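Residue-level listing of the chains:
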Amino acid sequence: MKKFNTDIFFDILSGKDKENLVKKMNILQNPQVLFQYALAKGYGFNKKGLWYDFINDLFDMGQYSIKSKLNELDNQIKYKSILAIKGGDEKHVFFLDVGLLNFSRKDKYFLIYSFNSSDSYDYPEVVKIYNSQKKIDKKLLFKNIYTVLKKNGLLTSTIKKKIKI
């Protein structure tokens, strides 16, 4: 297997040529699908077969945290969790993770939201792109986290305390 191509992965996540990609594949409007497609292209998908089957065979998220999987892709990729919660009971377990993703050769940081449970797994999605870590206002960052959690119905009083809102 080819080495993971971080440049292609981050170009797609950054929205480079997204308009043309969406014209060709309307499903890429969905942020989780776009993330999955970016992974497939990073792993070297070359249009032979179905890209979602290709990536699902390579990138099994079943038992892994998003942090460990993203940090395994390349040693220049860094993912730092800001909010990571594991909860549930013996019948239903869930994992929620919101964090910042960066590639050392790019001056962009991606706020990533990921939620999976024992019932299903959805690929992560890019919530916000920041141009530089130095410019990331902590208050704005937590506001963006608050917004995505509220949108997905995951804003509980416990979570509000963890993100200090």
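Use the structure listed above.
Residues numbered from 1 in each chain as written. Predicted model: local features only at pLDDT ≥ 70, side-chain atom pairs only at ≥ 80, totals over all residues. Heavy atoms only, no water.

Looking at the overall build of the protein chain
Put simply, the rule reads: A helix here means a DSSP run of H or I that spans at least four residues, while a strand means a run of E at least two residues long, and both kinds are numbered starting from the N terminus. Only protein chains enter the accessibility calculation, which uses a 1.4 Å probe; a residue whose area is less than 20% of its type maximum is buried, one above 50% is exposed, and one in between is partly exposed. Any two residues whose heavy atoms approach within 4.5 Å at even a single point are treated as in contact. The method behind every accessible area is Shrake-Rupley, applied with a 1.4 Å probe, and residues are considered shielded solely by the protein chains displayed.
Along the backbone of the protein chain there are seven helices and four strands. Secondary structure of the protein chain in N-to-C order comes out as α-α-α-α-α-β-β-β-β-α-α. Across the 165 residues that make up the protein chain, the buried fraction comes to 41%. In the protein chain, the proportion of contacts linking residues at least 24 apart, taken out of those at least 6 apart, comes to 45%. On the protein chain, roughly 10000 Å² of surface is accessible, and the fraction owed to carbon and sulfur atoms is 49%.

Some words on the side chain of D74
Under the convention used in this document: Two N or O atoms form a polar contact when they lie within 3.5 Å of each other; inside protein one atom must be a possible hydrogen donor and the other a possible acceptor, and for residues adjacent in sequence the pair counts only when both atoms belong to side chains.
One can find D74 in the loop between α5 (66-73) and β1 (77-88). On the basis of relative accessibility, which here comes to 9%, the residue D74 falls in the buried class. Within the structure, the side chain of D74 is placed 2.7 Å from the backbone nitrogen of Q76, a separation counted as a polar contact. Residues in contact with D74, not counting those within four places in the same chain, are K3, F4 and T6.

Section: the pattern of salt bridges
So the rule is basically this: The term salt bridge refers to a side-chain nitrogen of Lys or Arg lying within 4 Å of a carboxyl oxygen of Asp or Glu.
A complete count under the given rule lists four salt bridges for this structure. The salt bridge partner of K16 is D11, with a shortest N-O separation of 3.7 Å.

Some words on the sheet that holds strand β4 (residues 125-130)
Applicable threshold: DSSP bridges decide pairing: two strands pair if at least two such bridges lie between them. Under this scheme, a helix contributes an axis fitted over its contacting stretch, all axes are lines through C-alpha atoms, and angles between N-to-C directions fall in the 0 to 180 degree range.
Spatially, β1-β2-β3-β4 is the arrangement adopted by the four strands of the open sheet, whose pairing is antiparallel. A single partner strand is all that each edge strand has here, and the edge strands are β1 and β4. When strand polarity is set aside, the average angle formed by the axes of neighbouring strands in this sheet is 15°. Two strands pair when backbone bridges link them, and strand β2 (residues 93-103) and strand β3 (residues 109-117) are joined in this way by nine bridges, in the antiparallel orientation. Its bridge partner lying in β3, L101 is registered against F110. Set on the sheet, helix α1 (residues 6-14) makes contact with β1, β2, β3 and β4; between it and β2 the angle comes to about 105°. Contacting β1, β2 and β3, α5 crosses the sheet at an angle of about 160° to β1.

Describing the packing of α1 against helix α3 (residues 31-42)
Where we set the bar: Relative orientations are named as follows: roughly parallel for angles under 35 degrees, roughly antiparallel for angles over 145 degrees, roughly perpendicular for angles from 65 to 115 degrees, and oblique for any other angle. When the near helix sits turned anticlockwise from the far one by under a right angle, the crossing is termed left-handed; a clockwise turn instead gives a right-handed crossing. Under the scheme applied here, ten amino acids are nonpolar (Ala, Val, Leu, Ile, Met, Phe, Trp, Tyr, Cys and Pro), four are charged (Asp, Glu, Lys and Arg), and all others, including Gly, are polar.
Two numbers describe how α1 lies on α3: the axes approach to 8 Å, and their chain directions differ by 160°. By the angle class used here, α1 and α3 are roughly antiparallel. In the crossing of α1 with α3, the sense of the turn from one axis to the other is right-handed. For the pair formed by α1 and α3, the contact residues are I8, F9, I12 and L13 on the first element and L34, F35, Y37, A38, L39, K41 and G42 on the second. Across the contact of α1 with α3, the residue classes tally to nine nonpolar, one polar and one charged.

Things to note about the nonpolar core
The following threshold applies: The nonpolar core is taken to be a set of buried Ala, Val, Leu, Ile, Met, Phe, Trp, Tyr and Cys residues, with the residues joined through side-chain atoms within 4.5 Å.
Ranked by size, the top nonpolar core spans 26 residues in total, and within it F9, L13, F35 and L101 carry the most contacts. Listed by contribution, the elements that provide at least two residues to this core are α1, α2 (18-24), α3, α5, β1, β2 and β3. No other element matches α3, which puts six residues into this core. When residues no more than four places from it in sequence are discounted, the contact partners of L13 are F35, A38, L101, F110, V126 and I129. The next biggest cluster of nonpolar side chains, apart from the first, holds 17 residues, and it includes L83, L111, Y130 and F142.

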